[in-house]
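Spelled out, the chains give:
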Amino acid sequence: MQDPLMPDGTTPDGATPGDGAPPGHAMAGPATIRRPAATGTNAGRTTAEDTTAGGTTGGRAVARSVVGGPAAGCAEGDGAGRAEAGAAPAEAPAPWDGARGLLYLGVLSGAVALCALAAALYFGGALTSSVPWLDGSGGLTRGGLPVSELVMTAAGTVTVGLLLAGAVLLAGPDGGLPPLARRCLRSVRVSAGIWVAATLVTTVLSVSYLLGKPVSQVTDADLLSYLTDLTRGRALVVIVVLAGVPAVCASRPRSAGGAGGLLLVALAGLLPQVVTGHSASSDDHWLAVFSLAVHVTAAAVWVGGLLVLTALARPAGPLLAVIVPRYSALAGVCFAAVAASGLVNAWLQLGGAGAVLGSRYGLLVLAKVAALGCLGLLGWRHRRASLPALRTRGRGRVFVRLAAAEVVVMAAAMALATALSRTPPPAEDTGPTDPAGVLLGFEAPGPAGVAAYAFGRLLDPLFCTLVAAGAGLYLAGVLRLRRAGVRWPVRRTLAWYGGLLIVLVATCGGLARYSMVLFSNHVVQHLVLTLVAPVPLLLAAPADLALRSLHPGSGSEAVGRTPRDLLVSVLESRAARLSAHPVAALTAAVLVLYGFYASPLFEASLRNYPLHSLAMVVFLATGMLFMRAVHGGARWLPLALAPFHLVFGYAFMTAASVIAGDWYEALARTWGPLPEQDQRTAGLLIWVIGGLATVTLPFLARRAPLPQGSGMRTFTAQRTDVDGEVRRRR
């Protein structure tokens, strides 16, 4: 726990806060006063801080001088730090031999990656395929295509790491961008440009490989047909567009929020390839796609973050003591996500444990598991060796050595992943064979009934993960407050878990299974997610709980944003203020509830279950915004939404044609109502559920208003009160 501050900025013993900097980084000035070295978690906070007795120059100024990059600032501090009586000679802050060390590491990592890729491709059979028409593509295509895909992955990962550093790890607590963060954003233009170029090369080589002719014979018509007619080609177009955004706009953000937006775009650019590989053709399509998406995203954040921290070890200097522990916590989460999602995906591709040793694909998976184990061991060494060295002595050499070894292993693992994507898995197709089951991706349900709705299930991996994460995080927040002596209302806890149960039933129960074959069930599912589930979820006040349970930070760190800083920036963003306006909430509810059925997205979501799952996320988020406005004071919103219930319900009941008629006709359902009758039932259900919502929601909003600060007003005032309460409690 840090010392309380006096009105003049000093501590009760007369010293200024933040003493305990690593040797060699003290500010020049008179009579430097130091407190004893901090221990435990506070040591990491005070490592990069030093100050003078007058209190005019604090540790934050030292850290900011380092963020700017000039080494002269550190040299000046060295002289002042050695002026102390009894001070031992300080180790030079540079833990890394600058550009030469980075060059050596880059060359070594690239060589290891290429060797691992070549060996894995040869062992997996990708280079020795005897498919007749592929021989005509030539050696350049067969050898260059895996390399270009590896460069795509590496460039995308580096782009994510640079944006993560600029938006989170190096950004100021107030959302500003120090010089070192802006340097990372400028570097994004190079990495994202390489990402775009590698994607274009991959496109040309893919056409050559698919058509079985050399690159020189590929025509414009071949490229156009590939990019417009095939899913793989359209995915590459999306990647070029998404990677081009940070390549063009990386130097424009003036705050961490803008950099965070580019980070989300870069992460989205990694996902189109997920839906075109082995996972897209596996039996459990959605689970395979979701697990691979988690795997790719978590790996990019983990690997990209470590690459950037290794490159910034020298210019960051003493800031490593602040940045690395925060990244270490994030890396631990990413490691767990990569391991869990990788095991799930490997199980789906292999079809069981017996194929691990009985196939070349399984042996490559074992090699990748071994690489992951090495990375886990190196991460454990980071926590045991490099983090204590940074916290107590400010020495970064141990971190850089371990990080360099980790980067080399990551390069090999990335090459193995690329080789696995080009190696055929041994699992045989054991999915449904009837026409309806092939369309749905699961066995078509039988006649609907009470038992089928009560005990049926269609587990949605995305919502299972969201519900599990929501349950665990809320419980962690409640327990943290309880340990601090604060009792969280039981009614809010019950409301939260009740809302999660409603979401789970609507998205993973019998209703979810029948929503793909009955239009009326689809409408009920979306109305429940929009008008029913958000009510208890909002009454649980999850934002208020997060603000009270997350650490507000000591205010002494010059760089880096804590999870609470990120949450506050989202809650106080311009988008959050706009969405809290009643007119915006009403407009979003109308467009999402009923505009969705009037657009081609509805039938597309039926044919693509991942898209259907994402649509349900949008419905739930829209309902949360709408209900927040209602419970925040705009109790007239349900009445304003009532005419739309009436109009669209009447339109469904009197429509001359069936919405998504081709889909329901292809299912050839032999039980239950005809599609026309089912659509009229859906219109009647809209009237009933919409009418009940119109009557009950204003009543609930009056009887159970949201906690102060959770409604239409911004969170600034609430955050100020909570910050004071949390600091007083500690």
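Residues numbered from 1 in each chain as written. Predicted model: local features only at pLDDT ≥ 70, side-chain atom pairs only at ≥ 80, totals over all residues. Heavy atoms only, no water.

(A) Representation of the overall build of the protein chain within the structure. When its secondary structure is counted, the protein chain shows 32 helices and zero strands. In the protein chain, buried positions account for 47% of the 730 residues. Summarising the internal contacts of the protein chain: among those between residues at least 6 apart in sequence, 78% fall at separations of at least 24. For the protein chain, the accessible surface area stands at approximately 32500 Å², while carbon and sulfur atoms represent 67% of it. (Helix = DSSP H or I, 4+ residues; strand = E, 2+ residues; numbered from the N terminus. Buried < 20%, exposed > 50% of the residue type's maximum accessible area, 1.4 Å probe, protein only. Contact = heavy atoms within 4.5 Å. Areas by Shrake-Rupley, 256 points an atom, 1.4 Å probe, with all protein chains shown as cover.)

(B) Looking closely at a positive patch on the surface. Together, R182, R183, R186, R189 and R254 line one region of the surface with positive charge. Secondary-structure assignment places R183 in helix α6 (residues 179-211). For R183, a relative accessible area of 32% gives the class partly exposed. (Patch = residues over 30% accessible without salt bridge, like charges linked within 9 Å, V, L, I, M, F, W, Y side chains within 5 Å. Salt bridge = Lys/Arg side-chain N within 4 Å of Asp/Glu carboxyl O. Lys, Arg positive; Asp, Glu negative; His and termini not counted. Charge placed at Lys NZ, Arg CZ, Asp CG, Glu CD.)

(C) How the structure looks around the packing of helix α23 (residues 542-549) against helix α24 (residues 563-571). Between α23 and α24, the shortest axis-to-axis distance is 10 Å and the interhelical angle comes to 145 degrees. Two packed elements cross with a definite hand, and for α23 against α24 that hand is left-handed. In this structure, α23 contributes A543, A546 and L547 to the contact, and α24 contributes R564, L567, V568 and L571. Residue composition of the contact of α23 with α24, by class: six nonpolar, no polar and one charged. (Axes fitted to C-alpha atoms, helices over the stretch in contact; angles between N-to-C directions. Left-handed = near helix turned anticlockwise from the far one by under 90°. Nonpolar A, V, L, I, M, F, W, Y, C, P; charged D, E, K, R; others polar.)

(D) Quick look at α24. Here α24 has its buried residues at R564, D565, V568 and L571. For α24, the buried positions fall inside an angular range of 130 degrees around the axis, keeping them on one side. Those residues of α24 that are exposed and aimed more than 90 degrees away from the buried face are P563 and V570. (Arc of directions from axis to C-beta.)

(E) Local environment of the packing of aromatic side chains. Evaluated as defined, the whole model comprises 14 aromatic pairs. On the basis of an interplanar angle of 85 degrees and a centroid distance of 5.6 Å, the ring pair of W302 and F335 is categorised as edge-to-face. You can see W302 sitting in helix α10 (residues 285-311) and its partner F335 sitting in helix α12 (residues 320-350), a full 33 residues away along the chain. Exposure remark for W302: the relative accessible area of 5% places this residue in the buried category. (Phe/Tyr/Trp six-rings, centres within 6.5 Å; stacked < 30°, edge-to-face > 60°.)

(F) Structural detail: the confidence of the model for the protein chain. Summarising the model, the protein chain shows a mean pLDDT of 79, and 78% of its residues fall at 70 or more. Within the model, pLDDT remains below 50 along residues 1-97, and this stretch shows 171 contacts once partners closer than five positions in the same chain are excluded. Taken together, the stretch residues 708-720 has pLDDT below 50 and engages in 30 contacts with residues farther than four places along the chain or on a different chain. (pLDDT = per-residue confidence, 0-100.)

(G) Representation of a nonpolar patch on the surface within the structure. Taken together, the side chains of L646, Y650, L684, W687, V688 and L692 present a nonpolar region at the surface, about 610 Å² in accessible area. Broken down by secondary-structure element, the contributors of at least two residues to the nonpolar patch are α29 (637-654) and α31 (675-703). Take the nonpolar patch: its biggest share by element is four residues, from α31. Tracing the chain through its elements places V688 in helix α31. Exposure remark for V688: the relative accessible area of 44% places this residue in the partly exposed category.

(H) Molecular detail of the packing of helix α8 (residues 231-249) against helix α9 (residues 256-269). Axis separation between α8 and α9 bottoms out at 8 Å; the angle between their running directions is 150 degrees. Classified by the angle their axes make, α8 and α9 are roughly antiparallel. The chirality of how α8 crosses α9 is left-handed. The residues of α9 that touch α8, namely those facing I239, L242, V245, P246 and C249, are L262, V265, A268 and G269. (Parallel < 35°, antiparallel > 145°, perpendicular 65-115°, else oblique.)

(I) Highlighting the environment of H382. When you line up the elements, H382 lands in helix α14 (residues 360-393). Separated by 58 residues in sequence, H382 and V324 place their C-alpha atoms 9.7 Å apart. Not counting the four nearest positions on each side in its chain, H382 is found in contact with L387, P388, F399, L402, A403 and E406.

(J) Main features of the nonpolar core. Formed by 91 residues in total, the largest nonpolar core has its most connected members in V160, L170, W302 and F399. No other element matches the 14 residues that helix α15 (residues 397-421) contributes to this core. When near neighbours in sequence (up to four residues on either side) are disregarded, W302 contacts Y327, A331, C334, F335, V338, L372, L375, E406 and M410. F463, C508, V592 and L606 belong to the second-largest nonpolar core, a separate cluster that totals 77 residues. (Core = buried A, V, L, I, M, F, W, Y, C linked by side-chain atoms within 4.5 Å.)

(K) Here's a closer look at the pattern of salt bridges. Under the counting rule described, the total for this entry stands at six salt bridges. Across the salt bridge formed by E149 and R422, the nearest N and O atoms sit 3.2 Å from each other. A residue pair is termed long-range when its members are at least 10 positions apart, and E149 in helix α5 (residues 139-169) and R422 in the loop between α15 and α16 (435-440) qualify at 273 residues. Take E149: its relative accessible area is 8%, and that puts it in the buried class. Measuring nitrogen to oxygen at the nearest pair gives 3.1 Å for the salt bridge that ties E603 to R607. Of the two residues, E603 and R607 both sit in helix α27 (residues 601-607), four residues apart, roughly one turn of that helix.

(L) Quick peek at the side chain of R628. Of note, R628 is situated in helix α28 (residues 609-631). With no salt bridge to any partner, buried R628 finds its closest opposite charge in E572, at an N-O distance of 11 Å. Within the local environment of R628, its side chain forms a polar contact with the backbone oxygen of A576, the two atoms lying 3.2 Å apart. (Polar contact = N/O pair within 3.5 Å; in protein donor to acceptor, adjacent residues only side chain to side chain.)

(M) Quick look at the side chain of T562. Looking at where T562 falls in the secondary structure, it is placed in the loop between α23 and α24. According to the relative accessible area criterion, T562 is buried, its value standing at 13%. The residues touching T562, leaving out its near neighbours within four places in the chain, are R326 and H551.

(N) Seen up close, the environment of Y209. Within the secondary structure, Y209 is located in helix α6. Sequence separation between Y209 and R142 is 67 residues; the distance between their C-alpha atoms is 7.0 Å.

(O) The arrangement of the environment of L210 in detail. Note on placement: L210 falls in helix α6. Residues L210 and Y226 lie 16 residues apart in sequence; the distance between their C-alpha atoms is 9.3 Å.

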